[in-house]
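Listed below, chain by chain, are the residues.
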Amino acid sequence: FPTRRSSDLIDIRKFFVSGVFRTNVHERSVLVERTEKDVEQYLCKRVKEMGGKAYKFVSPGNAGVPDRLVVVPTGLESLVTAIYLLVEVKKPGGCLRPQQRMKIKELCDMGADCRIVDCYERVDKVIMELETAVVAVSVLAGDVGNGRRV
């Protein structure tokens, strides 16, 4: 029976489509499941592709805050220069702890924009929302710049 190489595992990861998948490596069926770390790395990669950053967010003395502060530039020099978003990352199918639920509600009540992602598809949805927001801000800036009332 051939030994498994680390490159085999890297190749397996290329074929992730959902939280769990099956593939055949060395004539054996292997079950691989995504972790919270995988989802978080994917989020960071997608935000970076947009030209933004996904900062690890920690707030000593404030347990339950979201994991990442996402900042995406709009490309404008006035009006709105960046879009900010707080993101809580969970493992696929993971649930918020009561403390996290309360903290996210508190942040949203203060006007913060928060999202919860637990799979690649939800990350993609958040990225699509961010891309739409960047375009919307650009359109609004064009309207304001043309003397139109927004």
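Owing to the predicted nature of the structure, the values given are computational and were not obtained by experimental measurement.

Draft legend 1. Summary view of the overall build of the chain. Along the backbone of the chain there are four helices and six strands. Reading the secondary structure of the chain in the N-to-C direction produces α-β-β-α-β-β-β-α-β-α. The 150 residues of the chain split such that 35% are buried. Surface exposure of the chain reaches about 9,800 Å², of which carbon and sulfur atoms provide 55%.

Draft legend 2. Structural view of helix α2 (residues 36-49). For α2, spanning 14 residues, the distance from its first C-alpha to its last is 20 Å, which sits close to the expected 20 Å at 1.5 Å a residue. Looking only at α2, the buried set comprises D38, V39, E40, Y42, L43, R46 and V47. Positive phi appears at G51, one or two residues downstream of α2, with a value of about 90 degrees.

Draft legend 3. Structural detail: the state of the cysteines. Tallied over the entire structure, the rule returns zero disulfides. Cysteine C108 remains unbridged, with the sulfur of C114 as its closest cysteine sulfur at 3.9 Å.

Draft legend 4. Molecular detail of the environment of R97. Tracing the chain through its elements places R97 in the loop between β5 (82-89) and α3 (98-109). On a C-alpha basis, the gap between R97 and G64 in space is 7.9 Å, while along the polypeptide they are 33 residues apart.

Draft legend 5. Representation of the pattern of salt bridges within the structure. Overall, the coordinates contain ten salt bridges when judged by the stated rule. A salt bridge links D109 to K105; the nearest nitrogen and oxygen atoms lie 2.8 Å apart. With D109 and K105 both in helix α3, this residue pair falls four residues apart, about one helical turn. We classify D109 as exposed; its relative accessible area is 57%.

Draft legend 6. Fine view of the confidence of the model for the chain. Model confidence for the chain is summarised by a mean pLDDT of 81, while 73% of its residues fall at 70 or above. Within the chain, strand β3 (residues 53-56) carries the highest mean pLDDT (97), whereas helix α1 (residues 6-13) carries the lowest (43). Note that residues 1-19 has pLDDT below 50 and, in this model, 30 contacts with residues that lie over four places away or in other chains. Below a pLDDT of 50 lies the segment residues 22-30, which in the model reaches 20 contacts outside its immediate sequence neighbourhood of four places, other chains included.

Draft legend 7. Quick look at the pairing of β5. For β5, the tally of buried residues reaches seven of eight residues, placing the bulk of the element in the interior. In this sheet, β5 lies alongside strand β4 (residues 68-73) in antiparallel orientation, the contact comprising six bridges. Bridging from a neighbouring strand, R68 pairs with V87 of β5. In the sheet, β5 pairs with strand β6 (residues 114-117) via four bridges, with the strands oriented parallel.

Draft legend 8. Region of interest: the packing of aromatic side chains. All chains considered together, the criterion is met by one aromatic pair. Taken together, a centroid distance of 4.0 Å and an interplanar angle of 10 degrees make the contact between Y42 and Y120 stacked. In this pair, Y42 sits in helix α2 while Y120 sits in helix α4 (residues 120-145), placing the two residues 78 residues apart along the sequence. Judged by relative accessible area, Y42 falls into the buried class, the value being 15%. Its relative accessible area of 17% is what places Y120 among the buried residues. A cation over an aromatic ring shows up here: R34 above the ring of Y120, its NZ or CZ 3.3 Å from the ring centre.

Rules used throughout
- Each chain has its residues counted from 1, following the order in which its sequence is written.
- With pLDDT at 70 or above as the cut-off, local features in this predicted model cover only qualifying residues; side-chain atom pairs require 80 or more to be listed or tallied, and sums for whole chains, interfaces and linings still use all residues.
- To obtain the side-chain values, all non-hydrogen atoms of the structure were included, while hydrogens and water were left out.
- Secondary structure elements are taken from DSSP: a helix is a run of H or I of four residues or more, a strand is a run of E of two residues or more, and numbering for both begins at the N terminus.
- Only protein chains enter the calculation, and the probe is 1.4 Å; a residue is then buried if its accessible area is under 20% of its type maximum, exposed if over 50%, and partly exposed in between.
- With residues, only the protein chains shown are counted as cover, and all accessible areas are computed by Shrake-Rupley using a 1.4 Å probe.
- Take the residue count of a helix, subtract one, and multiply by 1.5 Å to get its expected span.
- Defined by distance alone, a disulfide is two cysteine sulfur atoms within 2.5 Å.
- For salt bridges, the criterion is a side-chain nitrogen of Lys or Arg within 4 Å of an Asp or Glu carboxyl oxygen.
- Per-residue confidence from the predictor is reported as pLDDT, a score between 0 and 100.
- Contacts are assigned to residue pairs that have any heavy atoms within 4.5 Å of one another.
- Any two strands between which DSSP finds at least two bridges are classified as paired.
- Aromatic pairs are defined between Phe, Tyr and Trp rings, using the six-membered ring for Trp, whenever the two ring centres lie within 6.5 Å; interplanar angles under 30 degrees are classed as stacked, those over 60 as edge-to-face, and all others as tilted.
- Any Lys NZ or Arg CZ that is within 6 Å of a ring centre and within 35 degrees of that ring's normal is treated as a charge sitting over the ring.

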